[in-house]
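Remarks on the overall topology
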Amino acid sequence: MRLYLASTSPARRALLAQTGIEPVLVAPGVDEDAAVAAAATSLGRDLTGPELVAMLAAAKASAVADAPVDGSPVDGFVFGGDSAFEVDGVLYGKPHDPEVARERWRQMLAAGGGTLWSGHCVVDRRRAADGPDVLDAPDVLDAPDPGPGGAGRAGTVPPVRTVDASGGGPLGAAAFVAGVAPGGSAMVADGDQVVAVDSAVLTFADDMSPAEIDAYVATGEPLEVAGAFTIDGRAAAYITRIDGAPSAVVGLSLPVLRSMLLRGFGIAWHDLWAL
């Protein structure tokens, strides 16, 4: 079973590889800034964290699902992901510039922490005629509506809700995961796609000095990652607590992706292992 990763992120590929999955990497070619700006203009307001990451995840997955890869149609599942870090109601993407990264660290430390939003979208592009349809897969139609935010015990993955993405306006299916609270998650299915949002609440060290900020920024590590930090690198020493899936902070929530495949398509995680 093939999994296409609509991303060139080394962190997302490494996460999948360490669990036994070797994805096919495909650059989605999505203009993220333009997509967010268009949606915000249509809605007449800024996007929330869950809306933004879910919409971009879906856009990336759809872009790869409907395009040839190495001259051939996609045959398998396509995963798209996106991340954003929220501090005191402000969403932070990639800083790119060292001074921007330094200022973000000063703001994050002043707040004490923030919420990492992780958007996920899986699109079924299996060419075999006997693959299960998303709406017929286990737990989709019969799952209770979890309402906004996560469902069940803290830290559990919510059931899948079936939705009609056309009712979500410019956000599509992403509109139906907009009510996730920090630390929660939500998952919806529409046709051949499942869209989900997971989140993790992070706490930073309260004694990080300006010299440490300068030293970290000078490494270049925080410039091209959401929130200006990564827990699988040098910044791990500055993060004292994570409430949520650690993998969500790295780039994708492995527990949520596993549940998307199982509950949305009836595919077990081990079916994607590269044996």
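About the thresholds
Residues numbered from 1 in each chain as written. Predicted model: local features only at pLDDT ≥ 70, side-chain atom pairs only at ≥ 80, totals over all residues. Heavy atoms only, no water. Core = buried A, V, L, I, M, F, W, Y, C linked by side-chain atoms within 4.5 Å. Buried < 20%, exposed > 50% of the residue type's maximum accessible area, 1.4 Å probe, protein only. Contact = heavy atoms within 4.5 Å. Helix = DSSP H or I, 4+ residues; strand = E, 2+ residues; numbered from the N terminus.

1. Details of the nonpolar core
A general tendency of soluble globular proteins is for nonpolar side chains to be buried together. One finds Leu16, Phe85, Trp105, Phe229 and Leu261 to be the most contacted residues of the largest nonpolar core, which totals 48 residues. Those residues in contact with Leu16 that lie beyond four places of it in its chain are Leu3, Leu5, Ile21, Pro23, Leu252, Leu254, Leu257 and Trp269. Trp117, Val163, Ala173 and Val197 belong to the second largest nonpolar core, which has 34 residues in total.

2. Section: the environment of Glu212
Looking at where Glu212 falls in the secondary structure, it is placed in helix H5 (residues 210-218). With a relative accessible area of 30%, Glu212 lands in the partly exposed category. For the pair formed by Glu212 and Tyr238, sequence separation is 26 residues and the distance between their alpha carbons is 9.5 Å.

3. As for the side chain of Lys60
In this structure, Lys60 sits in helix H3 (residues 49-65). Beyond its immediate chain neighbours, meaning those up to four positions away, Lys60 contacts Ala6, Pro28, Val30, Glu32, Gly80, Gly81 and Asp82.

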